[in-house]
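Each chain is listed here by its residues.
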Amino acid sequence: MVHPENNAEYEGLVVNAGVDQQEIVNPYLSRMRKRRNRLFTPDEYVEGILKGDVTMLSQAVTLVESTLPEHQLIAQEVIEKCLPYSGNSVRVGISGVPGAGKSTSIDAFGIEVLERYGGKLAVLAIDPSSEKTKGSILGDKTRMERLSVHPKSFIRPSPSAGSLGGVARKTRETIILCEAAGFDRIFVETVGVGQSETACHSMVDYFLLIQLAGTGDELQGIKRGIMEIADGIVINKADGNNVDKAELAASHFRNALHLFPMPESGIIPEVQCYSGFYDLNVDKVMKMVFDYIDKVKESGYFQYRRNEQAKYWMYESINEHLRNNFYYNAKIKSMLKDAENAVLGGQKTSFVAAHDLLETYFMEIRG
């Protein structure tokens, strides 16, 4: 093979040998991974959080969500030390059927809140986890284009990972950390299925339900009882040819609300129409939310609701701890498979098998 660089006309041309083939994997990757995974002391986490360090806050939230015992020990100490600096925010839960436009609406609501009311906003978005792979896309940030780059916002998507109704079990503890970091507005977005609304309602000051017009949800909402816990209902996508449908749906919801007893707050939920995509009437929706907050603070219901929520989560924590203690018990672990087989084989009923397991557990803890 003749190489042109060897021709006489290219005399004096120097061809360098080039460089050796480089490794495909970054040689500094292991060093970077070690540095990134380094655990700080609880005091270091607390100091960073109180300074408003978003990176330290994110790492602390990761510890809260972790199931590793060593992570949980640090996380609980961090939460305990942040507790005196929490409680100074307005917490808004946002739910709705899949496809109602929750993430797009939160982007619009968040920008409206930051520009009109000021302060700092944290968005805790719960992403549904696959029942098969246990994985989550965690793609809510892609639909919050403006909030994701706003300097006063913090968006934290978390996998539901099979927790109660899709609201991550640790969301309430994450709220405490966000409040300690100076975020005075907290949005909690739920998956919008099952018991997620009930769990979300037990940790927020205002529960906003997003609905769509023309989907039959007017009656479905009544059947599910979801309207009973909503503090406000909004009809999304009220734009273009859909405005009349949205107004009709709103009137149906207003009529339906009169079928329910007066809420504990003494305030009948309002119904508004808006478009999150086109930013139409978003200001009215946020005014509805904050007018409600002002009224319940004045009446004393705001603090009453917070106290009731604190009691609720104390009992929830007790139940969860007992459940985990039961399933992590070595004797119970060894017996579960045999108990399953006995039930499936027809030798025991489900109730007798459960009774036997519990009796064994109580004997174990009694020693």
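Residues numbered from 1 in each chain as written. Predicted model: local features only at pLDDT ≥ 70, side-chain atom pairs only at ≥ 80, totals over all residues. Heavy atoms only, no water.

### Describing the overall build of the chain
Here is step 1 of the chain: Of regular secondary structure, the chain possesses 13 helices and 7 strands.
Here is step 2 of the chain: Here the chain holds 367 residues, and the buried ones make up 43% of them.
Here is step 3 of the chain: Considering only contacts within the chain whose residues lie at least 6 apart along the sequence, 75% involve residues at least 24 apart. (Helix = DSSP H or I, 4+ residues; strand = E, 2+ residues; numbered from the N terminus. Buried < 20%, exposed > 50% of the residue type's maximum accessible area, 1.4 Å probe, protein only. Contact = heavy atoms within 4.5 Å.)

### Structural notes on the pattern of salt bridges
Here is step 1 of the chain: Applying the stated criterion to the full structure yields 15 salt bridges.
Here is step 2 of the chain: Of the charged contacts, one joins Arg146 and Asp279 as a salt bridge, the two residues approaching to 3.0 Å between their closest N and O atoms. Taken together, the positions of Arg146 in the loop between strand S2 (121-127) and strand S3 (153-159) and Asp279 in the loop between strand S7 (270-273) and helix H10 (282-299) put the pair 133 residues apart, joining distant regions of the chain.
Here is step 3 of the chain: Here Asp205 ties to Arg306 by a salt bridge, and the two come within 2.8 Å at their closest N and O atoms. Of the two residues, Asp205 is situated in the loop between helix H7 (196-201) and strand S5 (206-211) and Arg306 in helix H11 (residues 301-327); the sequence distance between them amounts to 101 residues.
Here is step 4 of the chain: Counted as one network, the salt bridges with shared partners bring together Asp43, Glu77 and Lys81. (Salt bridge = Lys/Arg side-chain N within 4 Å of Asp/Glu carboxyl O.)

### A look at unusual backbone geometry
Most peptide bonds take the trans form, and the phi angle of most residues other than glycine is negative.
Here is step 1 of the chain: One non-glycine residue, Lys237, lies in positive phi territory at about 65°.
Here is step 2 of the chain: Here Lys237 lies in the loop between strand S6 (232-235) and helix H9 (243-257).
Here is step 3 of the chain: Judged by relative accessible area, Lys237 falls into the partly exposed class, the value being 36%.
Here is step 4 of the chain: Even without being glycine, Asn281 reaches a positive phi, approximately 60°.
Here is step 5 of the chain: Mapped onto the secondary structure, Asn281 falls in the loop between S7 and H10.
Here is step 6 of the chain: You can call Asn281 partly exposed: its relative accessible area is 32%.

### A few points about H10
Here is step 1 of the chain: With 18 residues, H10 extends 26 Å between its outermost C-alpha atoms, agreeing within 8% with the 26 Å of an ideal straight helix rising 1.5 Å per residue.
Here is step 2 of the chain: The first or second residue beyond H10 is Gly300, which carries a positive phi of 95°. (Expected span 1.5 Å × (residues − 1).)

### Focus: the side chain of Ser265
Here is step 1 of the chain: Relative to the assigned elements, Ser265 resides in the loop between H9 and S7.
Here is step 2 of the chain: There is a polar contact of 3.3 Å between the side chain of Ser265 and the backbone nitrogen of Ile267.
Here is step 3 of the chain: Residues contacting Ser265, with those up to four places away along its chain left out, are Tyr292, Val296 and Tyr301. (Polar contact = N/O pair within 3.5 Å; in protein donor to acceptor, adjacent residues only side chain to side chain.)

### Looking at the packing of helix H2 (residues 42-50) against helix H3 (residues 54-65)
Here is step 1 of the chain: Running from N to C, H2 and H3 cross one another at 130°; their axes reach a closest spacing of 8 Å. Relative to H3, the element H2 is oriented oblique. The two elements H2 and H3 cross, and the hand of that crossing is left-handed. Seen from H2, the contacting residues are Glu44, Tyr45, Gly48 and Ile49; seen from H3, they are Met56, Leu57, Gln59, Ala60 and Leu63.
Here is step 2 of the chain: Residue composition of the contact of H2 with H3, by class: 6 nonpolar, 2 polar and 1 charged. (Axes fitted to C-alpha atoms, helices over the stretch in contact; angles between N-to-C directions. Parallel < 35°, antiparallel > 145°, perpendicular 65-115°, else oblique. Left-handed = near helix turned anticlockwise from the far one by under 90°. Nonpolar A, V, L, I, M, F, W, Y, C, P; charged D, E, K, R; others polar.)

### Structural notes on a nonpolar patch on the surface
Here is step 1 of the chain: Judged by side-chain polarity, Met314, Tyr315, Ile318 and Leu322 come together as a nonpolar surface patch covering roughly 410 Å² of accessible area.
Here is step 2 of the chain: Mapping Tyr315 onto the fold places it in helix H11. (Patch = residues over 30% accessible without salt bridge, like charges linked within 9 Å, V, L, I, M, F, W, Y side chains within 5 Å. Areas by Shrake-Rupley, 256 points an atom, 1.4 Å probe, with all protein chains shown as cover.)

### What to know about the packing of aromatic side chains
Any pair of aromatic rings gets described here by the distance separating the centres and the angle formed by the planes.
Here is step 1 of the chain: Following the criterion strictly, the structure yields 11 aromatic pairs and no others.
Here is step 2 of the chain: Geometrically, the ring pair formed by Tyr312 and Trp313 is edge-to-face, given 5.3 Å between the ring centres and 85° between the ring planes.
Here is step 3 of the chain: Overall, the relative accessible area of 30% leaves Tyr312 in the partly exposed class.
Here is step 4 of the chain: By relative accessible area, Trp313 is classed as buried at 14%.
Here is step 5 of the chain: Geometrically, the ring pair formed by Phe326 and Tyr361 is edge-to-face, given 5.3 Å between the ring centres and 75° between the ring planes. (Phe/Tyr/Trp six-rings, centres within 6.5 Å; stacked < 30°, edge-to-face > 60°.)

### Considering the packing of helix H12 (residues 330-344) against helix H13 (residues 350-366)
Here is step 1 of the chain: At a minimum axis separation of 10 Å, H12 and H13 run at an interaxial angle of 165°. Taken as axis vectors, H12 and H13 run roughly antiparallel relative to one another. The hand of the H12/H13 crossing is right-handed. Contact residues: Lys331, Ile332, Met335, Leu336, Ala339 and Val343 in H12; Ser350, Ala353, Leu357, Thr360, Tyr361 and Glu364 in H13.

### Thoughts on the confidence of the model for the chain
Here is step 1 of the chain: Residue-level pLDDT values for the chain average 84, and 82% of them are 70 or greater.
Here is step 2 of the chain: Highest mean pLDDT in the chain belongs to H10 (97); lowest belongs to helix H8 (residues 217-224) (50).
Here is step 3 of the chain: Low pLDDT, under 50, characterises residues 130-138; the predicted model gives this stretch 13 contacts beyond four residues in sequence or across chains. (pLDDT = per-residue confidence, 0-100.)

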